[in-house]
Amino acid sequence: MKTHTPGSEFEESTLGTLELIQQGEVVPSTIHPDLSEAENILSIERFNLWYGESQALYDVSMGIPKGQITSLVGPSGCGKSTLLRSVNRLNDLLDFVTTTGDMKLSGRSIYKRGVDVIELRKRMGMVFQKPNPFPMSIFENVVYPLRIDGVRDKSLLSETCEMALRGAALWDEVKDRLKDNALGMSGGQQQRLCIARAIASQPEVLLLDEPCSALDPVATRKIEELLQQLRGDYSILMVTHNMQQAQRCSDNTAFMYLGQLVEYGPTLSLFSNPALKETESYISGRFG
């Protein structure tokens, strides 16, 4: 992994970065030096992924800092969601997927032979683009992760439900109708319910795949406010197509293109002083 310092001195040497990627070259990532000092909850090490014979990720290496929000941005089809789903090995459900490289959660490989994938996924909460509450009560939606682990203690279930709903900024809105079917909630409430379900088992990492793409602006604002409340208590890796959302919500932002990590740094630095002209062009809306 090649590391550059942001600044205009790199502009001349990086003018053809995206063109090289388009031609099939694997280009070294530009990693801002500030990130080298972070304590990482997750380390991605020279990770490659193929769907059959088609390669979707190329030699991705990056660290996800503990207790911070990291956004993956880039054009559609650039590998953001593929990378996200590799973190909890959801891509393993496709028998034509192969990988090389590694990822380490709290220092331990998640791709080593013999890793219990079910247990691994319990250490990560996943929230998808479209809210997907189960057709059951609000209460049962939240405590579902505990139910499948065999927890039957009513007081523990009740405490967990309240903790998770408060954590998802939803408790005051639903505390008097916990027995109601979750499908009767608004879209924004359903997405916060899915976040509550994800944090009920107190995961080490929260994975969010464009969590606001199906929501209206009011619901989106509530989700963004919630993310700020969760920062510090959880390490969050989020895919977003919205540059403004990445800028508002994230501590760090990674720009991906055609399966490669192009530039990665603290969000403020990436948006105000990107090392690469291509990054500046993308985040300013001149392409993509």
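For the structure, check the block above.
First, a word on scope: everything that follows refers to the structure included in this document. (Residues numbered from 1 in each chain as written. Predicted model: local features only at pLDDT ≥ 70, side-chain atom pairs only at ≥ 80, totals over all residues. Heavy atoms only, no water.)

**Description of the pattern of salt bridges**
Here's step 1: Applying the stated rule across the entire model yields 14 salt bridges.
Here's step 2: Put simply, Asp209 and Arg85 hold a salt bridge, and the shortest N to O gap is 3.6 Å. Here Asp209, found in strand S8 (residues 205-209), pairs with Arg85, found in helix H2 (residues 80-87); they are 124 residues apart in sequence, far enough to count as distant.
Here's step 3: If you follow the salt bridges from partner to partner, you end up with Glu119, Lys122 and Asp149 in one network. (Salt bridge = Lys/Arg side-chain N within 4 Å of Asp/Glu carboxyl O. Helix = DSSP H or I, 4+ residues; strand = E, 2+ residues; numbered from the N terminus.)

**Here we look at the packing of helix H4 (residues 138-148) against helix H5 (residues 154-167)**
Here's step 1: Two numbers describe how H4 lies on H5: the axes approach to 9 Å, and their chain directions differ by 115°. Our pair here, H4 against H5, has a crossing hand that is right-handed. On the side of H4, the interface is formed by Phe139, Val142, Val143, Leu146 and Arg147, while H5 contributes Leu156, Leu157, Ser158, Thr160, Cys161, Ala164 and Leu165.
Here's step 2: Considering only residue class, the contact of H4 with H5 consists of 9 nonpolar, 2 polar and 1 charged. (Axes fitted to C-alpha atoms, helices over the stretch in contact; angles between N-to-C directions. Left-handed = near helix turned anticlockwise from the far one by under 90°. Contact = heavy atoms within 4.5 Å. Nonpolar A, V, L, I, M, F, W, Y, C, P; charged D, E, K, R; others polar.)

**Side note on the layout of surface pockets**
Here's step 1: If you add up the space inside the largest pocket, you get close to 590 Å³.
Here's step 2: In this structure, the largest pocket is lined by 19 residues; those nearest its centre are Arg121, Met124, Met126, Pro145 and Ile148.
Here's step 3: Listed by contribution, the elements that provide at least two residues to the lining of the largest pocket are helix H3 (117-122), strand S7 (124-127), H4 and helix H7 (187-199).
Here's step 4: Counted by class, the lining of the largest pocket contains 11 nonpolar, 4 polar and 4 charged residues. (1 Å grid on protein atoms, 1.4 Å probe; cavity = no way out; pocket = protein on both sides within 12 Å on 5 of 7 lines; lining within 4 Å. Points joined across faces, edges and corners; volume = space filled by probe spheres on them.)

**A word on H5**
Here's step 1: Given a rise of 1.5 Å per residue, 14 residues ought to cover 20 Å, and the 20 Å separating the end C-alpha atoms of H5 matches this to within 8%.
Here's step 2: Buried residues of H5: Leu157, Thr160, Cys161, Ala164 and Leu165, and no others. Buried residues of H5, viewed axially, fall in a sector of 125°; they line one side.
Here's step 3: Those residues of H5 hidden inside the fold are in contact with H4, helix H6 (171-174) and H7.
Here's step 4: In the stretch just after H5, Ala169 is the one whose phi turns positive, near 55°. (Expected span 1.5 Å × (residues − 1). Buried < 20%, exposed > 50% of the residue type's maximum accessible area, 1.4 Å probe, protein only. Arc of directions from axis to C-beta.)

**A short note on unusual backbone geometry**
Here's step 1: The backbone of Arg89 sits at a positive phi, close to 60°, despite the residue not being glycine.
Here's step 2: Using a relative accessible area of 12% as the deciding quantity, one classes Arg89 as buried.
Here's step 3: Backbone geometry places Gln202, a non-glycine residue, at a positive phi of 50°.
Here's step 4: Of note, Gln202 is situated in the loop between H7 and S8.
Here's step 5: For Gln202, a relative accessible area of 59% puts it in the exposed group.

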